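Letter by letter, the chains look like this.
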Amino acid sequence: MHVNTPACLRQQALNALLLTDPATKCEQVTALFNACEADLVHIDTQTTLMHASQPPLPGRPERPELIDPAHVPTRSPFTLEGRAALLHAICHIEFNAINLALDAVWRFGGMPEPFYRDWLRVAAEEAYHFTLLHDHLRTLAAPQGTPYRYGDFPAHDGLWAMCEKTALDITARMALVPRTLEARGLDATPLIQAKLRKVGAPNAKGVSGAPDALVLCDLLDIILRDEVGHVAIGNHWYGWLCQCQGLDPIAHYRELVIRHQAPRLRPPFNEAARKRAGFSDAELAYLLTAG
């Protein structure tokens, strides 16, 4: 994307959100972030942008097929297909995370300028994650000998569904998307990595493990590092919004979970990562009792 004159950052974010091809979306988001860093885009914080019902949000490819979360098959990471399915599921989360961050940029007017810069940075980092994961997925061969690609396995739409539920309430969005749904990744990633290390290690008979599992484990280190920062951004802006509105963050969070039927989070929690992401001891104590 060539940026010759100052353009509205939030409108450009909406344009990127509408793109259906993942590679093109990643390229556009990265270019927009670089342009923003170089002050080549104008950030209009006050305008309320509108989007017609067509084309629908978010822009995404025809595949993967989106099904009920309960119907997404589980596969063992001890098989190549199972590891490809796991990798595909994480790719799908990262693709959705790009869309979620872009939606926060264009949808909510009236926030301080750093809000929009923060969420554009998140979108760019999620695009980087998707690219890393998809490149690795394409090194794995399907039974017919062709590389696996994003879209080859069914997926669910839980992340975007919560995005739609919170479209009219920025405080609910900050509470229930980055610091609830995305924060689950902080808890899940070390557990996934532990399984991948078992898959990648030689077995008791000395038979070599699967090196692709260890590559994915290393990629998850990068993603976990960045996701701590993304959740911290969600925590920061949720706390800022609660302070502006005179709301108690924990009490209001409890109310939002009920109102929007958010999933109840259950331990184990990655307390160290959550503390780095800005969760207070009181918030962690609430999670332990609420689950």
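## Some details on the overall build of the protein chain
Of the regular secondary structure elements, the protein chain holds eleven helices and two strands. Counting helices and strands in the order they occur from the N terminus, the protein chain gives β-α-α-β-α-α-α-α-α-α-α-α-α. Computed over the C-alpha atoms, the radius of gyration of the protein chain is 19 Å, within 12% of the 19 Å expected from 2.2 N^0.38 for a compact globule of 291 residues. Going through the 291 residues of the protein chain one by one, you find that 47% of them count as buried. Pairs at least 24 residues apart make up 79% of the contacts formed inside the protein chain by residues separated by at least 6 positions. A total of about 13,900 Å² of accessible surface is found on the protein chain, and carbon and sulfur atoms cover 56% of it.

## Here's the deal with the packing of helix α3 (residues 80-107) against helix α8 (residues 211-245)
Packing of α3 against α8 leaves a shortest axis separation of 12 Å and a crossing angle of 20°. By the angle between their axes, α3 is roughly parallel relative to α8. Crossing geometry of α3 relative to α8 is assigned as left-handed. Taken together, the residues of α8 that come into contact with α3 (itself represented by Leu-80, Arg-83, Leu-86, Leu-87, Ile-90 and Glu-94) are Asp-212, Ala-213, Leu-216, Leu-220, Ile-223 and Glu-227. Split into classes, the residues belonging to the contact of α3 with α8 amount to eight nonpolar, no polar and four charged.

## Here we look at the nonpolar core
Among the nonpolar cores identified, the biggest contains 88 residues, and Leu-9, Phe-115, Trp-119 and Met-174 are the most heavily contacted of them. When residues in this core are grouped by element, the largest group, 14 residues, is from α8.

## Describing the environment of Ile-250
Turning to its location among the elements, Ile-250 is positioned in helix α9 (residues 249-259). Taking the C-alpha atoms as reference, Ile-250 lies 9.8 Å from Leu-287; in sequence the two are 37 residues apart. Not counting residues up to four positions away in its chain, the partners in contact with Ile-250 are Ala-282, Glu-283 and Tyr-286.

## Some points on the environment of Gly-278
Locating Gly-278 in the fold gives a position in the loop between α10 (271-276) and α11 (281-290). Each C-alpha atom of the pair Gly-278 and Gly-234 lies 9.2 Å from the other, and the pair is 44 residues apart in sequence. Leave out the neighbours within four places in its chain, and Gly-278 touches Asn-235 and Glu-283.

## Description of α8
When the terminal C-alpha atoms of α8 are compared, their 51 Å separation across 35 residues agrees well with the 51 Å that a helix rising 1.5 Å per residue should span. Positive backbone phi, approximately 70°, marks Gly-246, located one or two places after α8.

## Concerning the side chain of Asn-96
Following the sequence through the fold, Asn-96 ends up in helix α3. Take Asn-96: its relative accessible area is 3%, and that puts it in the buried class. Those residues in contact with Asn-96 that sit more than four places away from it in its chain are Arg-60, Asp-157, Leu-159 and Trp-160.

## Structural notes on the confidence of the model for the protein chain
Low pLDDT marks stretches whose predicted atomic positions should not be read closely. Predicted confidence across the protein chain gives a mean pLDDT of 93, with 96% of residues reaching 70 or more. When mean pLDDT is taken per element in the protein chain, helix α4 (residues 113-137) scores highest with 98 and strand β1 (residues 7-8) scores lowest with 84. Every residue in residues 1-5 scores below 50 in pLDDT, and together they form seven contacts with partners more than four places removed in sequence or on other chains.

## Digging into the pattern of salt bridges
This model, assessed by the stated rule, comprises 15 salt bridges. Two residues, Arg-63 and Asp-152, come together in a salt bridge whose shortest N-O distance is 3.6 Å. Placement of Arg-63 in the loop between β2 (41-42) and α3 and of Asp-152 in the loop between α4 and α5 (158-165) is noted, with a sequence separation of 89 residues between them. Taking relative accessible area as the criterion, Arg-63 reaches 48% and is therefore assigned partly exposed. Between Arg-259 and Glu-255 there is a salt bridge, and its shortest N-O distance comes to 2.2 Å. Of this pair, Arg-259 and Glu-255 both sit in helix α9, four residues apart, roughly one helical turn. Arg-259 gets classed as partly exposed once you look at its relative accessible area, which sits at 43%. For Glu-255, a relative accessible area of 40% corresponds to the partly exposed category. Connected through shared salt-bridge partners, Asp-39, Glu-113 and Arg-117 make up one network.

## Brief notes about the side chain of Thr-180
The topology assignment puts Thr-180 in helix α6 (residues 170-182). There is a polar contact of 2.7 Å between the side chain of Thr-180 and the side chain of Tyr-253. Those residues in contact with Thr-180, other than ones at most four positions away along the chain, are Ala-175, Tyr-253 and Leu-265.

## So, the packing of aromatic side chains
Tallied over the entire structure, the rule returns nine aromatic pairs. Ring centres 5.4 Å apart and planes at 85° place the aromatic pair Phe-130 and Tyr-150 in the edge-to-face group. Taken together, the residues Phe-130 in helix α4 and Tyr-150 in the loop between α4 and α5 connect sequence positions 20 residues apart. Both residues of the pair, Phe-130 and Tyr-150, belong to the buried class. Among the aromatic residues, those joined into a ring-pair cluster are Phe-115, Tyr-116, Trp-119, Trp-237 and Trp-240. For Arg-179, the ring lying beneath its charged end belongs to Tyr-253, and the centroid distance is 5.2 Å. Over the aromatic face of Phe-279 sits the side chain of Arg-274, whose NZ or CZ is 4.9 Å from the ring centroid.

Rules of the game
Residues numbered from 1 in each chain as written. Predicted model: local features only at pLDDT ≥ 70, side-chain atom pairs only at ≥ 80, totals over all residues. Heavy atoms only, no water. Helix = DSSP H or I, 4+ residues; strand = E, 2+ residues; numbered from the N terminus. Rg over C-alpha atoms; globule rule 2.2 N^0.38 Å. Buried < 20%, exposed > 50% of the residue type's maximum accessible area, 1.4 Å probe, protein only. Contact = heavy atoms within 4.5 Å. Areas by Shrake-Rupley, 256 points an atom, 1.4 Å probe, with all protein chains shown as cover. Axes fitted to C-alpha atoms, helices over the stretch in contact; angles between N-to-C directions. Parallel < 35°, antiparallel > 145°, perpendicular 65-115°, else oblique. Left-handed = near helix turned anticlockwise from the far one by under 90°. Nonpolar A, V, L, I, M, F, W, Y, C, P; charged D, E, K, R; others polar. Core = buried A, V, L, I, M, F, W, Y, C linked by side-chain atoms within 4.5 Å. Expected span 1.5 Å × (residues − 1). pLDDT = per-residue confidence, 0-100. Salt bridge = Lys/Arg side-chain N within 4 Å of Asp/Glu carboxyl O. Polar contact = N/O pair within 3.5 Å; in protein donor to acceptor, adjacent residues only side chain to side chain. Phe/Tyr/Trp six-rings, centres within 6.5 Å; stacked < 30°, edge-to-face > 60°. Lys NZ or Arg CZ within 6 Å of the ring centre and 35° of its normal.

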